[in-house]
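The chain contents come next:
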Amino acid sequence: MRIATFILHIDSFIIRLGLVSILNRLQGVRVLKEFKANESFISFLENHPVDYIIIDQAGFDRLVNLYISKPELLELTILLKDSSLKDLNKGVLRGDVPATLYLTDEKETIVQTLQNLLQHRDDLSTKNSSEDLSPRETTIVRLVSMGLTNRQIAEKLFLSAHTVMTHRKNINSKLGIKSVSGLTIYAIVNNIITIEEVSSLP
Amino acid sequence: MINREWPMYRVILENHQLLPLLPRFNLKMGFGELSVDEVCRNHGVNTDFFLEIANAYLDELYVPGEGLSLFSLSTMVSYIKSTHKYYIDIALPMVEEKINRLMSRSALSKKEISLVTNFFNDYKKDFMAHLSQEEENILPYVLELERQSAQDLPDPEFIQKLQTYSIHEFEKEHDRLETSLKHLYELIIKYLPPFEDLQLCHQVLNDLAALMKDLVDHADVEDKVLVPRVADLEALVLSRTSTV
Ligand SMILES: [Fe+2]
Ligand SMILES: [Fe+2]
């Protein structure tokens, strides 16, 4: 699981503290910084990669110009509202945030909302990862680790030597690993092969 | 954030992670009460540049960029070169020696030992190839670009090269050197049988972790600071010549 980084922009000390204590108990979460002033918040955002912003209603209203100039920030924003009853006067921007928390929420609700969000993010990131090997490439890495040459791999998989070479090249550039010994260790720690199955190299 | 007025000894006392930076800037210990600024100036080091690198090094989340863009490309190139030298002369031999010692004292099977030693030998070769590609091709190109950009009329031959080559080609091929070390670390803590010599094993893991972190920072300097600045300068030089 990739670490998700949070920053908080909340006026009330007590509420901030409460949220931080919940966040710190979640797996794969790191709270980078807490803010109540706008300037340092904006400059922090410019210089640090942040996954989520939790911001209270008052802060959100004060920073509405920032959100208008950088609408992509909405995708990171978790809005903390006073109560769900006030949803009636929904602004144009507010519908687009990925999650909303309410001051009246119980701990379980808050944890659940945040966990759903993180789960969704993890699903997306595994889907989009170009680093992942295709099933065919995984097979080839396995055979390379067992000590087979490109020619032997070609015969075994009924491929041309040229096709195997192309796969090897793609594997190299996806993983950034060129050597057989490097691929072997990669295969072991990714459970593609066991140490017992690895060829005993000369 | 480290400050130029602070005594250097205190900075290093409180931030031992900065130790590997010292040889890179050729800063010798025995600081006495001298401030960061004094130590840097005594050694002919640009204090602002040192502070920028040291602060980036301490703050995991700091993305180098803005601060470093104040310095000339040649300052950055020489920092990159001295970092390479630190890897070749100090960091790699240090961890290699420990790995070999750990293997020779372990109860691992022959196969397991050769798995690790073959890996490290090949890793070293790939590592050296990575560095020499940068030292022999990329960094000289960056210096040449900086030199040409300072001239009223850049060399036509160089302009011709610029029309077909861009630093983004380097970026595309630029491998992450820390990835394989992470695999080795994982192999040791998860898949190999436990080592008798715990002290040595921990030292190996500590060295690997420190080197990985260093390599991440180094690649950031190359990818996030050097490449964008070089790309800007390429565009500038090209646009200037096309309007002549
Ligand atoms: Fe480098
Ligand atoms: Fe590099």
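Scope of this entry: the structure provided in the associated data block. (Residues numbered from 1 in each chain as written. Chains lettered and ligands numbered in written order. Predicted model: local features only at pLDDT ≥ 70, side-chain atom pairs only at ≥ 80, totals over all residues. Heavy atoms only, no water.)

Section: the coordination of the iron ion (ligand 2)
Residues and elements named next belong to chain B.
Part 1: Looking at the iron ion (ligand 2), the protein donor atoms are His130 (NE2), Glu134 (OE), His174 (NE2) and Glu222 (OE), and they sit 2.0 to 2.3 Å from it.
Part 2: Around the iron ion (ligand 2), the four donor atoms sit at angles spanning 81 to 177 degrees, and that spread fits a shape best called irregular.
Part 3: Each donor residue of the iron ion (ligand 2) lies on the same chain, and together they follow the pattern H-x3-E-x39-H-x47-E.
Part 4: Separation of the iron ion (ligand 2) from the iron ion (ligand 1) amounts to 3.2 Å, with glutamate 134 serving as a shared donor to the pair. Highlighted residues: histidine 130 and glutamate 134, both in helix α6 (residues 110–149), separated by four residues, approximately one helical turn.
Part 5: A relative accessible area of 12% means that histidine 130 is categorised as buried.
Part 6: Overall, glutamate 134 belongs to the buried group, its relative accessible area being 2%. (Donors = N, O, S within 2.8 Å, 3.2 Å for Na, K, Ca; no water. Tetrahedral: all angles 85-135°; square planar, octahedral: opposite > 155°, others 65-115°. Helix = DSSP H or I, 4+ residues; strand = E, 2+ residues; numbered from the N terminus. Buried < 20%, exposed > 50% of the residue type's maximum accessible area, 1.4 Å probe, protein only.)

Observations concerning the interface of chain A and chain B
Part 1: Across the boundary between the two partners, chain A contributes 24 residues, which contact 23 residues of chain B.
Part 2: Taken as a group, Ile185, Val189 and Ile195 of chain A account for 29% of the area that chain A buries against chain B, more than any other trio of residues on that side.
Part 3: Across the pair lysine 178 of chain A and aspartate 175 of chain B runs a salt bridge whose closest N-O atoms are separated by 2.8 Å.
Part 4: Our count for the contact surface shared by chain A and chain B stands at nine residue pairs in polar contact (both at pLDDT 80 or more).
Part 5: At the level of elements, β2 (29–35) and α9 (180–189) of chain A are the ones that each hand at least two residues to the side of chain A that touches chain B.
Part 6: Per element, the largest residue contribution to the side of chain A that touches chain B is seven residues, and it comes from α9 of chain A. (Contact = heavy atoms within 4.5 Å. Buried area = accessible area lost by both parts, 1.4 Å probe. Salt bridge = Lys/Arg side-chain N within 4 Å of Asp/Glu carboxyl O. Polar contact = N/O pair within 3.5 Å; in protein donor to acceptor, adjacent residues only side chain to side chain.)

Some words on the packing of aromatic side chains
All names here are of chain B.
Part 1: According to the stated counting rule, one finds 16 aromatic pairs over all chains in the structure shown.
Part 2: Each residue in the set Tyr86, Tyr87, Phe119, Phe120, Tyr123 and Phe127 is aromatic and connected to the rest through ring pairs, giving one cluster.
Part 3: Note that lysine 213 overlies the ring of tyrosine 57, its terminal NZ or CZ placed 4.4 Å from the centroid. (Phe/Tyr/Trp six-rings, centres within 6.5 Å; stacked < 30°, edge-to-face > 60°. Lys NZ or Arg CZ within 6 Å of the ring centre and 35° of its normal.)

What about the packing of α9 of chain A against helix α9 (residues 178–191) of chain B?
Part 1: Where α9 of chain A meets α9 of chain B, the axes come as close as 9 Å, and the angle between the chain directions of the two elements is 45 degrees. As summarised for this structure, α9 of chain A and α9 of chain B are arranged oblique, according to the angle between their axes. In terms of crossing hand, the pair formed by α9 of chain A and α9 of chain B is left-handed. Contacts from Ile185, Tyr186, Ile188 and Val189 of chain A in α9 of chain A reach His183, Leu184, Glu186, Leu187 and Tyr191 of chain B in α9 of chain B.
Part 2: Broken down by class, the residue content of the contact of α9 of chain A with α9 of chain B amounts to seven nonpolar, one polar and one charged. (Axes fitted to C-alpha atoms, helices over the stretch in contact; angles between N-to-C directions. Parallel < 35°, antiparallel > 145°, perpendicular 65-115°, else oblique. Left-handed = near helix turned anticlockwise from the far one by under 90°. Nonpolar A, V, L, I, M, F, W, Y, C, P; charged D, E, K, R; others polar.)

Brief notes about the pairing of β2 of chain A
Residue and element names in this part refer to chain A.
Part 1: Where strand β1 (residues 4–9) lies against β2, six bridges are found, and the strand directions are parallel. Residue pairing for β2: threonine 5 is matched across the bridge by arginine 30.
Part 2: With helix α1 (residues 13–25) bridging β1 and its parallel neighbour β2, the resulting β-α-β unit is right-handed. (Pairing = 2+ DSSP bridges. Right-handed = clockwise from strand over helix to strand, strands pointing away.)

Let's talk about the coordination of the iron ion (ligand 1)
Residues and elements named next belong to chain B.
Part 1: Protein-derived coordination of the iron ion (ligand 1) comes from His84 (NE2), Glu134 (OE), His218 (NE2) and Glu222 (OE), at a distance range of 1.9 to 2.2 Å.
Part 2: In this structure, the iron ion (ligand 1) is surrounded by four donor atoms whose angles at the metal cover 82 to 168 degrees, and the resulting shape is irregular.
Part 3: In the primary sequence, the donor residues of the iron ion (ligand 1) line up as H-x49-E-x83-H-x3-E.

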